[in-house]
Amino acid sequence: MENNELIAVENRIVTKFLDMFIKFGMLLALASFCYTIFSPFLNIMLWAVILAVVIYPFHQRIAKRLSDKQGRAATLLIVLGLMLLVLPTIMMVSSMTDNMGSLVERVNQNTLEVPAPKESIANIPFVGAKIYDFWQKASTDLPSLVKSLQPHLGDAAKQVIHALASISGSLLMSMFSFIIAGIMMAYGRAGAQSSTRIATRIAGPERGAKLVNICSSTIRAVALGVIGVAFIQALLVGIVMTVAGIPLVGIFFILVLVLGIAQVPALLVTLPAIAYIWMAGDNGTVGSIIYTVLLILAGAVDNVLKPIFLGRGVDAPMPVVLIGALGGMATSGILGMFIGATLLSIGYRIFMAWVDEGLEDSLREQDGN
């Protein structure tokens, strides 16, 4: 009798475990299938969510002035965003592409003239002599220099084309993300309620609202106060350089963007560009002065924008933001830079909130004892 009862208990346990594994396997298969279907749109949707969270307070202000017309306010913000940010960026990239094509054509036709370097360049410590010799050879015998660099130019051209394609793809994805963000803002109230419900289901009734607040505040602080300011600064610098006729604007744009995220002054990039403007002498004295002033102002615009956008500051350390930006750019291009910095900052803040909460519970237990 006892053996029969033990066998029955074992059968019930095996059946329970088997049911559990089957359910878990089905859920895992469903999640894997859903991820496979959704993965091509993952970066677009993540960036759309980030944009929607960042712009939503402005959307609500506009909606109040439009008699609480949520859809109309979202449409207005999409149009303004595309006009003020996306279109100038597309113009800059298009101009950069045209300049690169013109430069390659002039090199192939041997019509490119490189001005002679000044003697003062040779006095620059460590690298001055090499830069002067290279520049001097380019100004006196450019065809032979190009021929000697021919093996390396092919790889460099491929990298430039790959970078331009990445930037163009990121811009296109940004446009779609902006439109999707507008749709999300039009249904923002329902989305906020759903987010709170999901967070409450994950973290419990007490921690759910806190989790939503951590995520939204971190997104606004990082995406608007750090990445947004860096992007606007890089865009202004890129536009000025494009108008001034400085080559390789895309490289300068990326450098200013990365330096802005790392909270390093953009003058490290704009000063060499200013030196090139004066040494090239293509814009005349008055034009060089104008472009110099504009580059200095564009390089210092973050000092004005940060107090406006950043507010009380970013709780995530700048190394976390920078690592997230660089890691995101390495995996998903320019758009990944924005997404990576934001998501890694959110992860850091959630982790630190969990650590602080555990310490507070430990301190309460010690006080109770």
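Preceding this paragraph is the structure being described.
What counts and what doesn't
- Along each chain, numbering runs from 1 in the same order as the chain's sequence is written.
- In keeping with the model being predicted, local features are shown solely for residues with a pLDDT of at least 70 and side-chain atom pairs are shown and tallied solely at 80 or more, while totals for entire chains, interfaces and linings include all residues.
- Just so you know, side-chain values use all the structure's heavy atoms and leave hydrogens and water out.
- Runs of E in the DSSP output that reach at least two residues are strands. Runs of H or I that reach at least four are helices, and both are numbered from the N terminus.
- By definition here, a helix of n residues has an expected span of 1.5 Å times n minus one.
- The quantity called bend is, for any residue, the angle between two axes fitted respectively to the seven residues ending at it and the seven beginning at it.
- A pair of aromatic rings is counted whenever rings of Phe, Tyr or Trp (Trp by its six-membered ring) have centres within 6.5 Å, and the orientation is called stacked for planes under 30 degrees apart, edge-to-face for over 60 and tilted otherwise.
- Remark: exposure states derive from per-residue accessible area (1.4 Å probe, protein chains only) relative to the maximum for the residue type, with buried under 20%, exposed over 50%, and partly exposed in between.
- Only residues whose relative accessible area exceeds 30% and that form no salt bridge are eligible for patches; like-charged ones are grouped when within 9 Å, while nonpolar side chains (Val, Leu, Ile, Met, Phe, Trp, Tyr) are grouped when within 5 Å.
- What sets the accessible areas is the Shrake-Rupley method with a 1.4 Å probe; for residues, cover comes only from the shown protein chains.
- Just to be clear on terms, a salt bridge is a Lys or Arg side-chain nitrogen sitting within 4 Å of an Asp or Glu carboxyl oxygen.
- By the criterion applied in these results, polar contacts are pairs of N or O atoms within 3.5 Å in which, for protein atoms, one can donate a hydrogen and the other can accept it, and in which residues neighboring in sequence qualify only through two side-chain atoms.
- Note on definitions: a residue-residue contact is assigned when non-hydrogen atoms from the two residues lie within 4.5 Å.

Below, the discussion takes up helix H2 (residues 42–65). At 3.6 residues per turn, the α-helix brings residues three or four places apart onto the same side. Compared with the 34 Å implied by 1.5 Å per residue over 24 residues, the 34 Å span of H2 between its first and last C-alpha is a close match. The largest bend along H2 reaches roughly 50° and is located at Tyr-56, with the proline Pro-57 sitting one to four residues downstream. Where H2 terminates, the next one or two residues include Ser-67, which has phi positive at roughly 60°.

Attention shifts here to the packing of aromatic side chains. Enumeration over the complete set of coordinates arrives at four aromatic pairs. Ring geometry for Phe-231 versus Phe-338: centroids 5.9 Å apart, planes at 90°, classification edge-to-face. One end of the pair, Phe-231, is in helix H8 (residues 205–244); the other, Phe-338, is in helix H13 (residues 318–368), and 107 residues separate them in sequence. With a relative accessible area of 18%, Phe-231 lands in the buried category. Exposure remark for Phe-338: the relative accessible area of 6% places this residue in the buried category. Taken together, Trp-47, Phe-231 and Phe-338 form an aromatic cluster joined through their ring pairs.

We now examine a nonpolar patch on the surface. Where nonpolar side chains cluster on the molecular surface, the patch consists of Trp-278, Val-286, Ile-289, Ile-290, Val-293, Leu-294 and Leu-297 and spans about 650 Å² of accessible area. Ranked by residues supplied to the nonpolar patch, first place goes to helix H11 (residues 284–299) with six residues. Relative to the helices and strands, Leu-297 is located in helix H11.

Below, the discussion takes up the side chain of Asp-302. The topology assignment puts Asp-302 in helix H12 (residues 302–309). Overall, Asp-302 belongs to the buried group, its relative accessible area being 9%. A distance of 3.2 Å separates the side chain of Asp-302 from the side chain of Gln-233, its partner in a polar contact. Beyond its immediate stretch of four places on either side in the chain, Asp-302 contacts Val-229, Gln-233 and Pro-307.

A few words now on helix H7 (residues 188–203). An ideal rise of 1.5 Å per residue puts 22 Å on 16 residues; H7 measures up with 22 Å between its terminal C-alpha atoms. Looking one or two residues beyond H7, the residue adopting positive phi is Gly-204, at roughly 100°.

Moving on: unusual backbone geometry. Even without being a glycine, Ser-67 presents a positive backbone phi close to 60°. By the element assignment, Ser-67 lies in the loop between H2 and helix H3 (70–108). The backbone phi angle of Asp-68 is positive, close to 60°, even though this residue is not glycine. Take Asp-68: it is sitting in the loop between H2 and H3. The class for Asp-68 is partly exposed, based on a relative accessible area of 38%.

On the secondary structure map, Leu-305 appears in helix H12. The class for Leu-305 is buried, based on a relative accessible area of 14%. C-alpha of Leu-305 to C-alpha of Val-229: the two residues are 76 residues apart in sequence and 6.3 Å apart in space.

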